[in-house]
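# Secondary and tertiary structure notes
Next come the chains, spelled out residue by residue.
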Amino acid sequence: MGSLSIPPHAAAWLLGLSGFILLFIRLAQQVFRETQSKEAILIALLLFLGLRSPLQSLLQGEYALLLSLGIGWSALLMSLSQRGILSYPLWAAAFVIHPYGMMISFIARVVLAPLHWRYGLTILASTILLSWPVWIYQFVPLLIQSTPVHGILEFPTLTHFVSALFLTGLLPLLLGIGALFWSLSKGYYSQPWRAWILVILGILGYLATIPFPSFVLGGKIILLSGFGILLAGSILLFRIVSRTHLSLFAILVVLLLVGTFFTSSALLHFTKGSKATVQEAQLAEWFRAYDPAPVPVLILSSGQGKMAQFANKIPVDLLQSHFFSATAYSFTPTPEVKRIQDQSAQFKQVFTTQCVECIDTFDVEYIIVNTREFPALPNQTPLIEKDGFLVYVKK
């Protein structure tokens, strides 16, 4: 990444954006297969922008998931063609990038175009064979740890059901359901009913994972509902909306989408930064320009993980910094792993107790203090003071 003119985190964002765009292109191709109309693609674009989960994944930093979904849906379409065998490495690539992206795409493949069980097993077997390290070091540990917290089960409630509808994208959902009932009232029964199975599966899957808080698939599987709404809604609305009124319909939907976006507390929360504040990000960008070298840094701020990522630095607490999985079963018990775990626990204690004297134990080159959360270091002159942050060169 060092040869790129853009910072590593921006390159990761571009990969996520590429997956976001590729996913839409593949979904649009699926819609075009059913309608043979460019107007239907416009409707699909509007519904895609209205889906909550893909955009939320982009704002959350789920770049690998989006790229995996884009590649997985590419594998889905290729498996329907005469070059189906070429989809095998794509399925494996999607799984390696993000297992959930491949799983969601494969479920959609099974529902939308039922395949012979031997073909399905061949896809799964080739995926496992080509991506076995991911199963051993990432996916199996996550399954092992997917147990209820403290043995307490939290069963789905009406609130969870409502949240599932909002994650699906309330406007596309209402438009799709409205189009469905209208078409049924007119006797249009040859509709994409399989896509509605995806909608139901996504919502039921989301609710089914609620009793297992550490099993994070629930927040991802709801994407099935969004994809089902997009496919079914695009085809139904294309058949309902007059070509002469399509522009007016598009403008109206865009206005509604803008309104729902700026009234969504969740999306606004992510645009303001859920893992780092704007001030933390700005300080990190300044620090990267000042010293681009990846040196160890002690960052005494809540967003220390993302600050280290933006500044191209090595944080003290690697386990809570979104740098790699902190799943206990993923670790081999080596002295270095023990050191990382002990240092993570030590950092948490120092930051929680605000122990200024304790920071001398960390072997770092710089210390960044967020004075809103940690006291300034006594008898030390900061290199710079910027927006409530103090940057020290450790002596």
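Structural data are supplied above this passage.
As a starting point, this report considers the structure included with it. Position labels on residues start from 1 in each chain and follow its written sequence. Per-residue local features are limited, in this predicted model, to residues with pLDDT of at least 70; the limit for side-chain atom pairs, both in listing and counting, is 80 or more; totals at the level of whole chains, interfaces and linings are taken over all residues. As a convention, hydrogens and water are excluded, and side-chain values are obtained from all of the structure's heavy atoms.

### A look at the overall build of the protein
Here a strand is any run of E in DSSP of at least two residues, a helix any run of H or I of at least four, and the numbering for each starts at the N terminus. A count of helices and strands for the protein gives 18 helices and five strands. Within the span of the protein, comprising 395 residues, buried residues form 46% of the whole. Any pair of residues with heavy atoms lying within 4.5 Å of one another is described as a contacting pair. Of all intrachain contacts in the protein linking residues separated by at least 6 positions in sequence, the fraction that spans at least 24 positions is 67%. Put simply, the protein shows about 19,800 Å² of open surface, and 66% of that area lies on carbon and sulfur atoms. When a residue's accessible area, from a 1.4 Å probe over protein chains only, is under 20% of the maximum for its type it is buried; when over 50% it is exposed; and in between it is partly exposed. Note on areas: these come from Shrake-Rupley sampling with a 1.4 Å probe, and a residue is covered only by the protein chains present in the view.

### Some details on the state of the cysteines
Cysteine sulfur pairs qualify as disulfides if the two atoms are within 2.5 Å. Across all of its chains, the model carries one disulfide by this definition. Here cysteine 355 engages in a disulfide with cysteine 358; their sulfurs sit 2.0 Å apart. For the disulfide bridge between cysteine 355 and cysteine 358, the dihedral angle about the S-S bond is near 70°, and by the sign convention the bridge is right-handed. The partly exposed category is assigned to cysteine 358, whose relative accessible area is 27%.

### A short note on the pattern of salt bridges
Take a side-chain nitrogen of Lys or Arg and a carboxyl oxygen of Asp or Glu: if they are within 4 Å of each other, that pair is a salt bridge. Within this structure, the stated rule accounts for three salt bridges. Between glutamate 62 and lysine 220 there is a salt bridge, with the nearest N and O atoms lying 2.5 Å from each other. Here lysine 220 lies in helix α12 (residues 218-221) and glutamate 62 lies in the loop between α3 (52-60) and α4 (63-79), a separation of 158 residues in the sequence. As a salt-bridge pair, arginine 339 and glutamate 336 come within 2.6 Å of each other at their nearest N and O atoms. Taken together, the positions of arginine 339 and glutamate 336, both in helix α18 (residues 335-353) and three residues apart, correspond to about one turn of that helix. Judged by its relative accessible area of 39%, arginine 339 is partly exposed.

### Brief notes about the side chain of serine 79
Mapping serine 79 onto the fold places it in helix α4. Given a relative accessible area of 6%, serine 79 falls into the buried group. Of the polar contacts made by the side chain of serine 79, one reaches the side chain of arginine 109; its length is 2.7 Å. If we ignore the near neighbours within four places in the chain, the residues touching serine 79 are Gly84, Ser87, Trp91, Arg109 and Tyr119. The term polar contact refers here to a pair of N or O atoms within 3.5 Å; inside protein, the definition further demands a hydrogen-donor-capable atom paired with an acceptor-capable atom, and it admits residues adjacent in sequence only when both atoms are side-chain atoms.

### Comments concerning the environment of glycine 101
Note on placement: glycine 101 falls in helix α6 (residues 99-112). As a C-alpha pair, glycine 101 and alanine 64 span 37 residues in sequence and 8.4 Å in three-dimensional space. Glycine 101 has contacts with Leu65, Ser68 and Leu69, leaving out every residue within four places of it along the chain.

### Topic: the side chain of serine 234
By secondary structure assignment, the location of serine 234 is in helix α13 (residues 223-240). Look past the residues within four positions of serine 234 in its chain and what remains in contact with it is Val31, Ala40, Ile43, Ala44, Leu47 and Ile229.

### Here's the deal with the pairing of strand β1 (residues 296-300)
Counting buried residues along β1, four of its five residues qualify, which places the element largely inside the surrounding structure. Strands pair, by our definition, only if DSSP identifies at least two bridges between them. As judged from the two bridges shared by β1 and strand β2 (residues 314-315), these two strands associate in the parallel manner. Of the residues in β2, the one forming a bridge with valine 297 is proline 315. With strands facing away from the observer, any crossover in which the path from the first strand over the helix to the second runs clockwise is taken as right-handed. Following the chain from β1 across helix α17 (residues 304-311) to the adjacent parallel β2, one finds a crossover that is right-handed.

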